[in-house]
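Reading the structure
So the chains spell out like this:
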Amino acid sequence: MSVTLHSSLRIGRYELAHRVVMAPLTRMRASEPGSAPTSLNARYYGQRASPDGLIIAEATQISWQGKGYPRTPGIHTDEQVAGWKGVVDAVHDKGGLIFLQLWHTGRISHSSHRPDRGLPVSASAITPAGQAFGSAFERLPYETPRALDTEEIPEVVEDYKRAAARAIFAGFDGVELHGANGYLIDQFLQDRTNNRTDQYGGSIANRVRFLLEVTDGLINVCGNERVGVRLSPFGTVGDIGDSDPLRLFAHAIEALSARRIAYLHLIEPRANAGVRDEANLDAPASVAALFRRAFKGPLIASGGFTKLSAEAELKSGTVDAIAFGRAFIANPDLPHRLAIDAPLNAFDRRTFYGGDERGYTDYPALASLRGVA
Ligand code: 8OZ
């Protein structure tokens, strides 16, 4: 029988009932100050949970230094851990699984997000093109980041490990390392943002070192079966780029494969198109197809999939699961709707970031549309 969105799948130590994964989605609705998840956030995730279905919770900073946007949550204080416990419980109450995405924004930040007003840090002191978000959602010129000293890098790795330990303590089933979209890990990986001359810069092996040290740190804390990694080869978000992305990402992905992590999560570069900047016309049609053979474990792809295109990908064997973003924002019961070919609610882009329950917890499930309690 051929694989569909509703065939089961083993991911690490978990047996998923279906392959409709909720993608990590920044919604900027944590408490401020404090950057802690709230009961509204718990309600939102609980609505989107399904029995043995996987949710990857939104990008969550590992430290104040890693914070880059207003009202994004953290996992480095007791208050944040308590908030996340509420989220995890709401998902587990419905029999769902939830991983937390661990995030350091690096240079895609602004000093105003940090209690100590320190400059953003990065692999190198290279200013991004574009504008930062200030703490009141205003747009500000990016600052030139401070390059991390070689001796500081183990401290950042420790921040990732502490965040992972807190995530497990809060009850998460695993963690996903955010290595995508031009944030800190990507800033080390790609040569547009990394001109270091120490063991973290120069050769591909050196630029991949930080990703692997962090991954090994997370494996140390959680075990390889509870660690996933998300990458965005050929992406352009965050003014990122590399002179040889094919060789760079093949090297990174083979090294992750050897570590037998729970899954690899790739963002298709076409996801850029129409959403943010222009599409990268140098990008391959499918990075999942390109790197499929380099990674031996489960592969999740995301980026503008519909049921039709998702099932075609699964059937062709290019990927093992599909992560849905915008469709999950607007359809709390997305796995069920896809299973029965029900029509989908349309999403409203104006309420993606910031605000309250509107455009967040008020998208109706089918049952309520049909008048069932
Ligand atoms: C949208 C707005 C802010 C951040 C990413 C975490 O692109 C994000 C993000 C998305 O990975």
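Cut-offs applied
Residues numbered from 1 in each chain as written. Predicted model: local features only at pLDDT ≥ 70, side-chain atom pairs only at ≥ 80, totals over all residues. Heavy atoms only, no water. Helix = DSSP H or I, 4+ residues; strand = E, 2+ residues; numbered from the N terminus. Rg over C-alpha atoms; globule rule 2.2 N^0.38 Å. Buried < 20%, exposed > 50% of the residue type's maximum accessible area, 1.4 Å probe, protein only. Contact = heavy atoms within 4.5 Å. Areas by Shrake-Rupley, 256 points an atom, 1.4 Å probe, with all protein chains shown as cover. Pairing = 2+ DSSP bridges. Right-handed = clockwise from strand over helix to strand, strands pointing away. Near = heavy atom within 4 Å. Polar contact = N/O pair within 3.5 Å; in protein donor to acceptor, adjacent residues only side chain to side chain. Nonpolar A, V, L, I, M, F, W, Y, C, P; charged D, E, K, R; others polar.

Structural notes on the overall build of the protein
For the protein, the helix and strand inventory stands at eleven helices and 14 strands. Against the globule reference of 21 Å for 373 residues, the protein gives a C-alpha radius of gyration of 19 Å, in line with a compact fold. For the protein, the spread of C-alpha atoms along the three principal axes comes to 60 × 45 × 40 Å. Here the protein holds 373 residues, and 60% of them are scored as buried. Put simply, 72% of the contacts in the protein that link residues at least 6 apart link residues at least 24 apart. Approximately 14500 Å² of the protein is accessible, and the part contributed by carbon and sulfur atoms is 52%.

Some words on the pairing of strand 14 (residues 321–324)
By the alternation rule, side chains of strand 14 split into Ala321 and Ala323 and Ile322 and Phe324, which are all buried. Inspection of the sheet shows strand 3 (residues 20–22) paired to strand 14 by three bridges, in the parallel sense. Opposite Val20, over in strand 14, you have Ile322 as the bridge partner. Bridge count for strand 13 (residues 299–302) against strand 14 is three bridges, and the pairing is parallel. Its bridge partner being in strand 14, Ala301 is matched across the sheet by Ile322. Crossover handedness for the path strand 13 to helix 8 (residues 307–316) to strand 14: right-handed.

Some words on the site of the ligand
The immediate surroundings of the ligand are formed by ten residues, with Thr26, His178, Asn181, Tyr183 and Tyr353 found nearest. A distance of 2.8 Å separates an oxygen atom of the ligand from a polar side-chain atom of His178. Separating an oxygen atom of the ligand from a side-chain N or O atom of Asn181 is a distance of 2.7 Å. Starting from 300 Å² of accessible surface for the ligand in isolation, the protein chains cover 88%. In terms of residue class, the shell around the ligand is built from six nonpolar, three polar and one charged.

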